[in-house]
Amino acid sequence: MTPPARATVQLRDLYTADAVSLDLQARTKDDVLAELVGLLRTDERGAETLVRVLQRRESLGSTGVGRGIAIPHSRSLVTTRLRLAYGHHRTGIEYGAIDGRPVFDFFLIVAPPLEVSNQYLPVLGRIAQFAKDADIPQRLAELRTPEDFFRLLEEKGV
């Protein structure tokens, strides 16, 4: 007997338009983390905590995966569910990426320590796979609206 098919959640379903910024203004790694967290619209205390948790995660090793892409991620009690944000920086940020190049595109993932849906690691993996597509850095650079971002995710089937 075959197990029932599990419905795969699409990344598009996890993003909201107000958690997508195509014009990040930060100039430093810490500032870009704060700007990304700001897209999640948490209260000030929660935002400060998330930034500290993400900074701690970055101190273990950069989440800059190369090719101008970073996937900052962490678990925290500040959130009760998986939350995603995406930001693009037109000129790039020095981020300590594994290839030593600036980062232009940031995919933020935060989740509670215990998550019933258990999507944190699968979502991290799907974003990493998406980022490996040869045309993704260029396609991300060409985005003009959050809807363009959503269409790209849908086109790539993630």
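Heads up: the structure comes first, above all this text.
What you see as residue numbers is a count from 1 along each chain, following the sequence as written. Per-residue local features are limited, in this predicted model, to residues with pLDDT of at least 70; the limit for side-chain atom pairs, both in listing and counting, is 80 or more; totals at the level of whole chains, interfaces and linings are taken over all residues. Excluding hydrogens and water, the side-chain values take into account all heavy atoms of the structure.

What about the layout of surface pockets?
Then, in step 1: Any residue with an atom within 4 Å of a point lines the site, the site being either a cavity, points on a 1 Å grid over the protein atoms alone where a 1.4 Å probe fits but cannot get out, or a pocket, an open set with protein on both sides within 12 Å along at least 5 of 7 lines. Grid points are joined across faces, edges and corners, and a volume is the space filled by probe spheres set on the points. In this structure, the second largest pocket encloses a volume near 160 Å³.
Then, in step 2: Every residue lining the second largest pocket is listed: Arg67, Gly68, His88, His89, Arg90, Arg101, Pro102, Phe104, Asp105, Pro137 and Ala141.
Then, in step 3: Under the scheme used here, helices are H or I runs from DSSP no shorter than 4 residues and strands are E runs no shorter than 2 residues, and both carry numbers assigned from the N terminus. Elements represented by at least two residues in the lining of the second largest pocket include exactly β5 (83–93), β6 (103–111) and α4 (136–141).
Then, in step 4: The element best represented in the lining of the second largest pocket is β5, accounting for three residues.
Then, in step 5: Across the lining of the second largest pocket, the residue classes break down as four nonpolar, three polar and four charged. Residues were grouped as follows: Ala, Val, Leu, Ile, Met, Phe, Trp, Tyr, Cys and Pro as nonpolar; Asp, Glu, Lys and Arg as charged; and all remaining residues, including Gly, as polar.

Details of the packing of aromatic side chains
Then, in step 1: In this scheme Phe, Tyr and Trp rings, the latter by its six-membered ring, pair at centre separations within 6.5 Å, and the angle between planes marks the pair as stacked below 30 degrees, edge-to-face above 60, and tilted otherwise. Tallied over the entire structure, the rule returns seven aromatic pairs.
Then, in step 2: Aromatic pair Phe149 and Phe150: ring centres 5.9 Å apart, planes at 55°, arrangement tilted. Judged on exposure class, the residue Phe149 and its partner Phe150 are both buried.
Then, in step 3: The rings of Tyr15, Tyr86, Phe107, Phe130, Phe149 and Phe150 are connected pair by pair, giving a single aromatic cluster.
Then, in step 4: The aromatic ring of Tyr95 is capped on one face by Lys29, whose charged end is 4.6 Å from the ring centroid. Each residue is placed in one exposure class: buried if its accessible area under a 1.4 Å probe, protein chains only, is under 20% of its type's maximum, exposed if it is over 50%, and partly exposed if it falls in between. By definition here, charges over rings are those cases where NZ of Lys or CZ of Arg is within 6 Å of the ring centre and within 35 degrees of the ring normal.

A look at the pattern of salt bridges
Then, in step 1: Here, a salt bridge means any Lys or Arg side-chain nitrogen found within 4 Å of an Asp or Glu carboxyl oxygen. A complete count under the given rule lists eight salt bridges for this structure.
Then, in step 2: With its nearest N and O atoms 3.9 Å apart, the salt bridge here joins Arg12 to Glu154. With Arg12 in the segment before β1 (20–21) and Glu154 in helix α5 (residues 146–155), this pair connects stretches of sequence that are 142 residues apart.
Then, in step 3: Judged by relative accessible area, Arg12 falls into the partly exposed class, the value being 27%.
Then, in step 4: Among the salt bridges present, the one from Lys156 reaches Asp133, with a minimum N-O distance of 3.5 Å. You can see Lys156 sitting in the segment after α5 and its partner Asp133 sitting in the loop between α3 (120–132) and α4, a full 23 residues away along the chain.

Considering helix α2 (residues 44–60)
Then, in step 1: A rise of 1.5 Å per residue sets the reference length of α2, with its 17 residues, at 24 Å; its end C-alpha atoms lie 25 Å apart and thus fit the reference within 8%.
Then, in step 2: Whenever a nitrogen or oxygen atom comes within 3.5 Å of another N or O atom, the pair is scored as a polar contact, on the condition that within protein one atom can donate a hydrogen and the other can accept it, and that pairs from neighbouring residues in sequence are kept only if both atoms are in side chains. Where α2 begins, one side-chain oxygen reaches toward the backbone nitrogen of Arg45, 3.1 Å away; that side chain belongs to Asp43.
Then, in step 3: One or two residues past the end of α2 sits Gly61, with phi positive at roughly 160°. A helix is expected to span 1.5 Å multiplied by its residue count minus one.

Focus: the pairing of β6
Then, in step 1: The buried fraction of β6 amounts to eight of the nine residues, a majority that puts the element mostly inside the structure.
Then, in step 2: Should DSSP find at least two bridges between two strands, the strands are regarded as paired. Alignment of strand β3 (residues 69–70) against β6, held across two bridges, turns out to be parallel. Paired with Ala70 across the bridge in β6 is Phe106.
Then, in step 3: Note: β5 against β6, seven bridges, orientation antiparallel. By the bridge assignment, Gly87 is partnered in β6 with Phe106.

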